[in-house]
Amino acid sequence: MKLTRREFLAASATLAAGAAVCGFASHPPPRRFTGKILGAGAKTGHLLRDGGIPPPSLNDRTGVVIVGGGIAGLAAARAMKQRGFDDFQILELEEQAGGNSTSGRNAVSSYPWGAHYVPLANPENRDLLKLFEELGVITGHDAAGLPVYDEYFLCADPHERLYIHGRWQEGLVPQVGTTSRDQEQYRDFFSTMENYRRAKGRDGRPAFAIPLDTSSHDPEFIQLDSISMEEFLRQHGWDSEPLRWYVNYCCRDDYGATMGETSAWAGVHYFASRRGLAANANSQTVVTWPEGNGWIVNRFRQTVDAHVRPSCLAANIEQDGRGVLVDYYDVVKKQTVRVTARAVIFCAPRFVAAKVIRDLREKSGTADAFTYSPWAVANITLKSRPAGRGADLSWDNVMYSSDSLGYVLATNQSLESHPHEAVITWYQPLSDKPPREARMDALATSYDTWANRVVRDLERAHPGIAEEIMQLDVWLWGHGMIRPTPGFIWGKARQDALKPSGNVFFAHSDTSGISIFEEAYARGIAAAKQVLDHLKHS
Amino acid sequence: METLLLISVFVIATCGLVYELIAGTMASYLLGDSVTQFSTVIGSYLFAMGIGAWLSKHISRNLVAVFIQVELLIGLFGGASAILLFAAFEHVASFRLLLYTVVTIIGVLVGLEIPLLMRILKDRFEFKDLVSRIFTFDYVGALVASLLFPLILVPRLGLVQSALLFGILNILVALLTLHLFSREIPWVRLMRGTAFGLLIAMTLAFAYSERLVSFSESSVYPDPILYARSSPYQRIVLTKSEHDLRLYLNGNLQFSSRDEYRYHEGLVHPGLAAVHNPRDVLVLGGGDGLALREILKYPSVQTITLVDLDAEMTRLFSTQPVLTQLNGGSLSSPKVKIISQDAFIWLRNNRRHFDFIAADFPDPSNYSIGKLYTTSFFRLVHDALAPDGVFVVQCTSPLIARKSFWCINRTLQEERFFTAPYHVYVPSFGEWGFIIGTTHPYMQPEQFPSGLRFMSLDTAQNIFHFPDDMKMVETEVNRLTNQALVRYFESEWGGYAH
């Protein structure tokens, strides 16, 4: 039987109408999965905004209060402890410390809830190299002096694959279906990035460095901060669709913002700042663990967990003579404690500082330039490893046609020779709407809707994956990452935010303008040193 | 009517012989020693037929009805016989019991057939014609069966479907008889219902028998499948022909019983005979117990630890007679301790030292297996070697996968091993490679255990020499982070059906 076009359309219309009547076409029935939305932070945090925090009923005294138990806070605490100072408390909003590097665990594997890798340390990043040695990530040096990394912590091969035109290809730069013009622009783009990677400014510093404040201040490079990454591509005449997709993907992956919202300096920084070397891996290799950077968090916690006050919300911070008064609300005990401290290291984001620190609260607009991208992260436990046509399951698995960033395989470092089950971590920066709107939408969306959204996205590349799901949990990060919008990194607001306010010192990675482990770690240990010097002199 | 009944004689004669051949073949596949198995199966089958013939005199009423019931029962038991026996293969203790029970039941029923039919037909023919025709059709049927069985049934349908097909024929004979004698017999409807029910069940079983014993696989393997099962880790398939027993894991040939001694003597002896007074041995992989068989030829060896992930493999190779005949029951040796765990994970937690370590893993055809050939894994092996210990690893074919082979060599050297690469010819595999890794330069053995079929001091002179087409090539080091080996392996074996 051969249908004419007209018959076909008529038949389709009938079918569609029938299906719509039955309620299938427009609304596929929501499927049920086992899991929940995690992260109590938003609800607790909103107590600040909505009131409802009782006046202090207890008094306490300590040397230093660290506000926020993410990487910056934990690094500051650990650094103080290493210097023999342990009169401090860490106030943590969540039930456990970790911030963006929080992780979870089930019977199949540990898995990250946010940050999940650290690139090899740049040779000039002494602090990070030292940390890696202390943690056993670097086990020694070869004859040439190159660090030898513990291979169990280096990302196992295969590293990356991209689902494009119905099959998986190796690597994330689109290859399938590209034209010679695309390839030419790729070559141009990557050689330009390589030149930036090698470039030094007139001040002798690398053009793009980590921590980023050690980068050259040469205007030749700094000026990139005034335009967007999209504009940067346009100025170079790079209009290849797959190249634009790739660069946009990178901006969303690293900063949670589209390339139109990302500063070109930040966009280039991603490609041009990594100069890590290893005796036993190439410089593109990254350090990773099943629990992501939660592995580092757990190591930090071994040293400082006794100082952490979990489920405690810093509500008000103000100068008091030569010290600082910190009021925090203990969500579990439902009481507010007033701590008198000699100094505060503030390791929560700036938008929180602007609400909590009295001096900032009274000056308005101190956090206006700081914008944050909301993120949704899901951890999905599967009965079998997701395969698919083409390249093998990899550590990072991205889908070309999706708004999500795909998923990272938490069980990638497993040594099993016949692995079965898997945990995958699915990421999506909610960059399709302005942050505030996207944040409100995300928090108002139910678990079932989120779970179905995640599964539908995965089904693009893995039809039938729903049947394999044992558990699916979601974490919504309302303020997931600072966004390096044009002008932000080298602008005044960030410089101002770095200055201490009385005895309150700032260390959150949003004062770097990009949300990466190295920045948070560097800020944390720098603040610890600053505070201990300050206490010594006062 | 008479003609139709005589055709029935032909059909049931064919069926009867086919069941006998199926039972005999199954027994020789599963228990080995085909002369004994065929002989005893045929003997008991004929004896059971005698019992059936003797019993027939006790049936005096409703001859046709009884005949129909007998046909239905033969159809059921005969048709299901191969499925039953395959299923019982895993429980070998009861296999013989089941085998002879099935043979006896079918034999008794088949023994009833001809006497009953003769009595049914006795008034329609003269005695001399009756005897002559019935036995003519009977013997012609037997000839047809004996030709069909090896030439068409086993190669095209396999045992399970052949049995089911002839079960269906028996049931059709029952239906035909029902049709012809419908007025003369009681409970026609009940019997017709039963017959149709059985017919449908058998037909369905025939259609789905691919799933029952994964019949579709049989086209993949050159020989009949003896055993096929998916363990949690792999698809285990054993095939058997007259002179050859083969093991396939996930479709890849692991050994052929005709030449596996070359592989396993080659794997074990050049390394183990070079160890002075070896006491503690570790085998990684090798759940077939064949490397163990070779290791047990060294009386000084006191403990052998075998780490193989798949408990199904070690269970199969320690209980199946055809397999324990091959490995000499090595898995049951009191010196052997079997650990069903992933080798990498076990080795990471291991604190013991071994005088000899043999890695007999599958080829590095995927990223998960490829991890067992990385610097990280070889470092763990190095740590587990006694000071003068020797390590040997099977390394795929240096002829077909030259880069893969030398990549493993390069990777061992990266982990401070002195290496001694060598190769042996295994007909069913081709030119096969192994690499010895030691912490001091390797010294060739001065003697080998007695009773070897392949390895000798003379043979050992040649195996370390690599002709030009297998000579060393420069390769990358295989690491967890780059899996260079899997990539070489894929490109080199990609052109072969591997």
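Scroll up to find the structure.
Being a predicted model, the structure only gives us computed values, none of them experimental.

1. Description of the overall build of chain A
Okay, so step 1: For chain A, the count of helices and strands is 16 helices and 21 strands.
Okay, so step 2: For 538 residues, the compact-globule formula gives about 24 Å, and the C-alpha radius of gyration of chain A, at 24 Å, lands near that figure.
Okay, so step 3: Overall, chain A is about 90 × 55 × 50 Å in size when its C-alpha atoms are taken along their principal axes.
Okay, so step 4: Counting only residues that meet the buried cut, chain A has 57% of its 538 residues in that class.
Okay, so step 5: Long-range contacts, defined as pairs at least 24 residues apart, comprise 72% of the intrachain contacts of chain A with a sequence gap of at least 6.
Okay, so step 6: Carbon and sulfur atoms make up 51% of the accessible area of chain A, which totals about 22800 Å².
Okay, so step 7: Chain A carries 58 positive and 62 negative side-chain charges, and their two centres are separated by 3 Å.

2. A short note on the nonpolar core
Okay, so step 1: Membership of the largest hydrophobic core comes to 128 residues, with the highest contact counts inside it found for Leu-99, Leu-159, Leu-238, Ile-295, Phe-317 and Phe-356 of chain B.
Okay, so step 2: In terms of residue count, the dominant contributor to this core is helix H5 (residues 127–180) of chain B (18 residues).
Okay, so step 3: Beyond its immediate sequence surroundings of up to four residues, Ile-295 of chain B is in contact with Val-268, Leu-272, Val-281, Val-283, Val-301, Ile-304 and Phe-356 of chain B.
Okay, so step 4: Among the nonpolar cores identified, the runner-up in size contains 90 residues, and Ala-528 of chain A together with Ala-359, Phe-378 and Phe-391 of chain B belong to it.

3. Observations regarding the sheet that holds strand S10 (residues 167–170) of chain A
To summarise the sheet geometry, strands pair through backbone hydrogen bonds and adopt either a parallel or an antiparallel arrangement.
All names here are of chain A.
Okay, so step 1: Read from one edge to the other, the open sheet built from eight strands follows the order S1-S20-S16-S19-S18-S17-S9-S10, with strand pairing classed as mixed. Two strands bound the open sheet, and with one partner strand each, they are strand S1 (37–38) and S10.
Okay, so step 2: In this structure, strand S17 (residues 396–399) lies alongside strand S18 (residues 407–409), joined through two bridges in antiparallel fashion. Residue Asp-396 lies in a different strand from S18, and its bridge partner there is Val-408.
Okay, so step 3: Strands in contact with helix H14 (residues 447–459) are S1, strand S16 (372–382), S17, S18, strand S19 (422–429) and strand S20 (469–482); relative to S20, the strand with the most contacts, it is inclined by about 100°.

4. Quick notes on helix H5 (residues 180–198) of chain A
Residues and elements named next belong to chain A.
Okay, so step 1: A rise of 1.5 Å per residue sets the reference length of H5, with its 19 residues, at 27 Å; its end C-alpha atoms lie 27 Å apart and thus fit the reference within 8%.
Okay, so step 2: The complete set of buried residues in H5 reads Asp-182, Gln-185, Tyr-186, Phe-189, Thr-192, Met-193, Tyr-196 and Arg-197. Seen from one end, H5 has its buried residues packed into an arc of 145°, which puts them on one side. Within H5, the exposed residues directed more than 90 degrees away from the buried face are Ser-180, Arg-187, Asn-195 and Arg-198.
Okay, so step 3: Where H5 is buried, its residues contact helix H6 (219–222), helix H7 (229–235), helix H8 (241–255) and helix H9 (264–272).

5. Remarks on the packing of aromatic side chains
Residues and elements named next belong to chain A.
Okay, so step 1: Under the criterion given, the structure shown has 52 aromatic pairs over all chains.
Okay, so step 2: On the numbers, 5.1 Å between centres and 40° between planes, the contact of Phe-208 with Trp-265 is tilted. In this pair, Phe-208 sits in the loop between H5 and H6 while Trp-265 sits in helix H9, placing the two residues 57 residues apart along the sequence.
Okay, so step 3: Looking at Phe-208, the relative accessible area reads 0%, which means it is buried.

The rules we used
Residues numbered from 1 in each chain as written. Chains lettered and ligands numbered in written order. Predicted model: local features only at pLDDT ≥ 70, side-chain atom pairs only at ≥ 80, totals over all residues. Heavy atoms only, no water. Helix = DSSP H or I, 4+ residues; strand = E, 2+ residues; numbered from the N terminus. Rg over C-alpha atoms; globule rule 2.2 N^0.38 Å. Buried < 20%, exposed > 50% of the residue type's maximum accessible area, 1.4 Å probe, protein only. Contact = heavy atoms within 4.5 Å. Areas by Shrake-Rupley, 256 points an atom, 1.4 Å probe, with all protein chains shown as cover. Lys, Arg positive; Asp, Glu negative; His and termini not counted. Charge placed at Lys NZ, Arg CZ, Asp CG, Glu CD. Core = buried A, V, L, I, M, F, W, Y, C linked by side-chain atoms within 4.5 Å. Pairing = 2+ DSSP bridges. Axes fitted to C-alpha atoms, helices over the stretch in contact; angles between N-to-C directions. Expected span 1.5 Å × (residues − 1). Arc of directions from axis to C-beta. Phe/Tyr/Trp six-rings, centres within 6.5 Å; stacked < 30°, edge-to-face > 60°.

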